[in-house]
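# Fold and contact review
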Amino acid sequence: MLANVAIASVIIVGVFAIFLALPIFAPFIKLIKENAPFFIREYFLLGRNIQESSVQLFTKDELADYDGTAGSKGLYVAVLGKVFDVSAGKQHYGPGGSYHYFAGKDGTRGYVTGDFGDGALDDNVEDFTPNQMLQLIDWLSFYEKKTEYKYIGKVIGPFYDSSGHQTRRLNQVIRYAKNEQKKEDASNDKKTQFPPCNSMWSHEEGSVVWCTTDSGGIKRDWAGVPRQYFEPGQAHPRCACVRDKGPPTGQWNSEIDRGDLHDPTLRPYTGCDERSPLCKLPES
């Protein structure tokens, strides 16, 4: 029974890969490659992963032969185990170029740390934070989207095994990066909902905060009123402009006409008019 299910799964995935290879799907695949986050590309484009089973695999010593120096086999770089031909950017990656230290190796670590010294350009990311892992995904996306940089293959190491399959370490990087992206998206949503206030300090007036329709760099059709926003995970509150009219965010059919003032993470400033767009903060 399980054997039949496995065979059927392989057939279905194979057929799916063939369909994805048809010219009619080319614009769709291009759209995903250029715009979808890395983890969506990796897990949604199954056909692409199947096709990659036949790409070139490199040992680290073999990749070192592609450092762009005289007599080398080419000019390649690698990030997160994926190898790209960057010959089109030889002025940057070739000898004497600003990024030549990345040539002929998987310098994954250096893309985030900025340390390009001896022994610092390697593929060790064991101590990386989720945010650093997300930065790595951004760098990989940079090379994947550069049409002049051709994807060549994979480096056998911590990210791909000797068969070219993703390792547990790479899956971990993808998972942590995906969770970090969710957190950043949520934070950006909150910044849109609760934009930062304008602020000013002077000897005469002390600290003053106020809201406008573009305070915090967030353009909108409402100004809002200043509130202390106790953002989860932050030690101190920040001043946020809060919409004070209409229904609460996400409850657009509600008859409540106080905007988001009900939100439990908000507190009014002592001594300020709760419905005024300007507040002179008390001296601490």
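Treat the numbers as computed from the prediction; the structure is a model and nothing was measured.

## Comments concerning the confidence of the model for the chain
Within the chain, residue pLDDT values average 85, and 81% of them lie at 70 or more. Of the regions scoring below 50 in pLDDT, residues 43-51 engages in 23 contacts with residues more than four places distant in sequence or in other chains.

## A word on the environment of Val 112
Inspection of the secondary structure assignment puts Val 112 in helix α7 (residues 108-113). The buried category is assigned to Val 112, whose relative accessible area is 16%. Sequence separation between Val 112 and Val 125 is 13 residues; the distance between their C-alpha atoms is 9.8 Å.

## A word on the sheet that holds strand β6 (residues 206-210)
Pairing within the open sheet is antiparallel, and its three strands lie in the order β5-β6-β10. Looking at strand neighbours, the two that pair on one side only are β5 (198-202) and β10 (278-280), the edges of this open sheet. Across the sheet, the mean angle from the axis of one strand to that of its neighbour is 15°, orientation sign disregarded. As paired elements, β6 and β10 share three bridges and run antiparallel to each other. Its bridge partner lying in β10, Val 209 is registered against Cys 279.

## Quick notes on the pairing of β6
Walk down a regular strand and you will see the side chains alternate between the two sheet faces. Across five bridges, the pairing between β5 and β6 is antiparallel. The residue of β6 that forms the bridge with Met 200 is Val 208. Remark: three residues form the turn of the hairpin made by β5 and β6, two consecutive strands paired antiparallel.

## Quick word on the packing of aromatic side chains
A full pass over the atoms with the stated rule returns 19 aromatic pairs. Ring centres of Tyr 111 and Trp 139 lie 5.1 Å apart, and the angle between their planes is 50°; on these two criteria the pair is classed as tilted. Of the two residues, Tyr 111 is situated in helix α7 and Trp 139 in helix α8 (residues 130-145); the sequence distance between them amounts to 28 residues. One aromatic cluster is present, formed by Phe 84, Tyr 93, Tyr 99, Tyr 101, Phe 102, Tyr 111, Phe 116, Trp 139, Phe 142, Tyr 143, Tyr 149 and Tyr 151 through successive ring pairs. It is Arg 220 that lies over the ring of Trp 222; its NZ or CZ is 4.6 Å from the centre.

## Notes on the pattern of salt bridges
Counted under the stated rule, the structure contains ten salt bridges. Asp 260 is paired through a salt bridge with Arg 243; the nearest N and O atoms lie 3.6 Å apart. Highlighted residues: Asp 260 in the loop between β8 (238-242) and β9 (266-267) and Arg 243 in the loop between β8 and β9, separated in sequence by 17 residues. The two residues Asp 260 and Arg 243 agree in class, both being buried. Between Lys 245 and Asp 244 there is a salt bridge, and its shortest N-O distance comes to 3.7 Å. A relative accessible area of 8% places Asp 244 in the buried class. A cluster of three or more residues bridged by salt bridges with shared partners is formed by Asp 244, Lys 245 and Arg 275.

Rules of the game
Residues numbered from 1 in each chain as written. Predicted model: local features only at pLDDT ≥ 70, side-chain atom pairs only at ≥ 80, totals over all residues. Heavy atoms only, no water. pLDDT = per-residue confidence, 0-100. Contact = heavy atoms within 4.5 Å. Helix = DSSP H or I, 4+ residues; strand = E, 2+ residues; numbered from the N terminus. Buried < 20%, exposed > 50% of the residue type's maximum accessible area, 1.4 Å probe, protein only. Pairing = 2+ DSSP bridges. Axes fitted to C-alpha atoms, helices over the stretch in contact; angles between N-to-C directions. Phe/Tyr/Trp six-rings, centres within 6.5 Å; stacked < 30°, edge-to-face > 60°. Lys NZ or Arg CZ within 6 Å of the ring centre and 35° of its normal. Salt bridge = Lys/Arg side-chain N within 4 Å of Asp/Glu carboxyl O.

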